[in-house]
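Read off the chains here:
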Amino acid sequence: MLHPSPQTFAGAPKSTAARIGIGGPVGSGKTALIERLIPVLRARNVNLAVVTNDLVTKEDAERLRRSGLIEPERVLAVEAGACPHTVIREDPTLNMAAGDELEASFPGLELIVFESGGDNLASTFSLDLVDWWIFVIDVAGGDDIPRKKGPGVLKSDLLVVNKIDLAPHVGVNLERMLAEASAVRNGRPVIATNARAGDGVEALADAICRAVLFRE
Amino acid sequence: MIGPLLAMWQADAAFPSGGFAFSNGLEGLAASEPLDGEALERMIAGVLRRRWATADRVAMLHAFDRASDLDAVAEIDAEVEAATLCEPFRAGSRRNGAGLLAAHVRIATPGAADWQARVRAGRAQGHLAPTQGLVWRGAGLDAEGATLASGYMVLSGFTTAAVRLGVVGAVAAQAVVRRLLPLLAELAAAPAPDRIASFAPRLDIAAARHARGELRLFSN
Ligand SMILES: Nc1nc2c(ncn2[C@@H]2O[C@H](COP(=O)(O)OP(=O)(O)OP(=O)(O)O)[C@@H](O)[C@H]2O)c(=O)[nH]1
Ligand SMILES: [Mg+2]
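In the nomenclature of an unreviewed UniProt entry, chain B is known as Urease accessory protein UreF of Methylopila capsulata. What the UniProt record of chain B gives under Sequence similarities (unreviewed entry) is the line "Belongs to the UreF family." Database annotation for chain B, UniProt heading Subunit (unreviewed entry): "UreD, UreF and UreG form a complex that acts as a GTP-hydrolysis-dependent molecular chaperone, activating the urease apoprotein by helping to assemble the nickel containing metallocenter of UreC. The UreE protein probably delivers the nickel."

The name given to chain A in an unreviewed UniProt entry is Urease accessory protein UreG, and the organism recorded there is Methylopila capsulata. A UniProt comment under Function (unreviewed entry) is attached to chain A, and it reads "Facilitates the functional incorporation of the urease nickel metallocenter. This process requires GTP hydrolysis, probably effectuated by UreG."

Here's what the structure looks like:
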């Protein structure tokens, strides 16, 4: 598949796989969503690989490798030197190089998912690294998160509100939270998910396919 | 005045090359013995003398001199691979080299794409020092600027990592940098030896121990 990457200069080799980012606060469910997405995307014949940016260990990479959902060689870990936002924004070169390595190892690769290490509401992805990115928050973090208007919430291409199953337990009015999220994002897309049960994951896969794989 | 500016541009931590993710043994050292500003300064001085001046600088300059001959650069690269005894340093140097290269390929620095193709094809390792020499030549630096940029990045890389590890404060770290600049200038002015030689066993041991550790902020 030919994927035009706007960031490459004339003469530089173009990336062939689409690159997407998944960021968001610690524990919001980024890895859980990736675990849900992998089988759904593979069922749609998407040739994919994952790069994780664990903060301190290789926990997430190991978890995905052991999951049996994807060949372990398709998961690379990039340690972030205690700087989860640097490695996706100010200096994404280690992630770029990991992406390049995956592309070289797996001809025909169509999609590389970069999971950011858990960070705060200010983390955003550099468009050098990804073509499109998702920010994942969860209802247990509080229904006031959208109102705090963090750059991740505002600037991401897609906002995911995860752990909707927990809303009744943490006293969150989900409908209002989603409406406020939509409002602060000026109507740009927001998806509600429950990564435990898989709710909303098909919609998430649809959004990815439409945005970067140009498939319905 | 473009020479010094080009060197500053490359030595600036704002130029993305992945260097921030490597502690080059410091994390392992800090975990095994109490370190303060003075100990940090001694440690960096030792690395500058016995690793940077005799190994990194030499490999970088040799590649700089022969940047248009990829076979020659690959030979220097193989020499670095053989001379770096400690696996975490070898792996870190390759990954840091790949990071620097990724940035230079994307800004279309002459020579970068060909070197990257060679590394990807498995016909070179792409270590940091020879990669610096090659892309810095392509980017227009002069040998003196390239030498200073390479040394300064080692120095500031250690102090930045030390701040993140809580060894020294961000301001105190700059006092360490200031005190070591004369040493760096002196080492940079000395003629480069013909062959690569490195000796910093404490850091090698610390990095090896670090590689086995569970909790790691840095890559090495
Ligand atoms: N109830 C519920 N729990 C969830 C859901 N999604 C994730 N979790 C749980 O939340 C915890 C954190 O999930 P992870 O997927 O590890 O979160 P993460 O964002 O990858 O975390 P970091 O990578 O450490 O930032 C785990 O215990 C998950 O089982 C959800 O939709 N509902
Ligand atoms: Mg995770």
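That covers the picture; the talk isn't over yet.
## Thoughts on the sheet that holds strand β4 (residues 111-115) of chain A
Residue and element names in this part refer to chain A. Reading across from one edge, β3-β2-β4-β1-β5-β6-β7 is the order of the seven strands in this open sheet, with parallel pairing throughout. Because the sheet does not close on itself, it has two edges, and the strands there are β3 (75-77) and β7 (190-192). Mean inter-strand twist for the sheet, computed between neighbouring axes without regard to direction, equals 20 degrees. The pairing of strand β5 (residues 132-138) with strand β6 (residues 158-162) spans five bridges and is classified as parallel. Bridge pairing links I137 to V161 in β6. Across the sheet, helix α2 (residues 59-66) touches β2 (48-52), β3 and β4, and the angle it forms with β3 is around 165 degrees.

## Let's talk about unusual backbone geometry
Phi is positive for A:N45, which is not a glycine, with a value near 65 degrees. Within the element layout of this structure, A:N45 appears in the loop between α1 (30-43) and β2. Among the residues examined, A:N45 registers a relative accessible area of 63% and is labelled exposed. One non-glycine residue, B:A108, adopts positive backbone phi at about 60 degrees. Inspection of the secondary structure assignment puts B:A108 in the loop between α5 (87-106) and α6 (112-120).

## Comments concerning the pairing of strand β1 (residues 18-23) of chain A
Residue and element names in this part refer to chain A. Among the six residues of β1, six are classified as buried, and the element is accordingly described as predominantly covered. The side-chain alternation of β1 yields two buried faces, one formed by A18, I20 and I22 and the other by R19, G21 and G23. Relative to β4, β1 runs parallel, the two sharing five bridges. The residue of β4 that forms the bridge with A18 is L111. Relative to β5, β1 is paired through four bridges, and the arrangement is parallel. In the strand pairing of β5, I22 is matched with I134.

## Re the UniProt feature "binding site: GTP" (unreviewed entry) in chain A
All names here are of chain A. Under the local residue numbering, the UniProt record ascribes the feature "binding site: GTP" (unreviewed entry) to G24, P25, V26, G27, S28, G29, K30 and T31. Within the secondary structure layout, G24 lies in the loop between β1 and α1. In this structure, G24 is in contact with K30, G117, G118, D119, S123, F135 and V136, ignoring residues within four places of it in sequence. The class for G27 is partly exposed, based on a relative accessible area of 47%. In contact with G27, not counting residues within four places along its chain, are D138 and K163.

Cut-offs used in this document
- Here the residue numbers are simple positions, counted from 1 along each chain's written sequence.
- Following the order in which they are written, the chains are lettered starting with A and the ligands numbered starting with 1.
- Reporting in this predicted model follows two pLDDT cut-offs: at least 70 for local features of residues, and 80 or more for side-chain atom pairs to be given and counted; totals over whole chains, interfaces and linings ignore these cut-offs and use all residues.
- To get the side-chain values, all heavy atoms of the structure are used, and hydrogens and water are removed first.
- UniProt positions are given in the numbering used here, feature names are shortened, and annotations may be inferred rather than shown by experiment.
- At least two bridges found by DSSP between two strands is the condition for calling them paired.
- Helical segments are the DSSP runs of H or I of at least four residues, strand segments are the runs of E of at least two, and each set is numbered from the N terminus.
- Note on method: axes are straight lines fitted to C-alpha atoms, helices fitted across the in-contact stretch only, with angles between N-to-C directions ranging 0 to 180 degrees.
- What makes two residues a contact is simply this: any of their non-hydrogen atoms within 4.5 Å.
- Buried, partly exposed and exposed residues are distinguished by accessible area as a fraction of the type maximum, computed with a 1.4 Å probe on protein chains only: under 20%, between the cut-offs, and over 50%, respectively.

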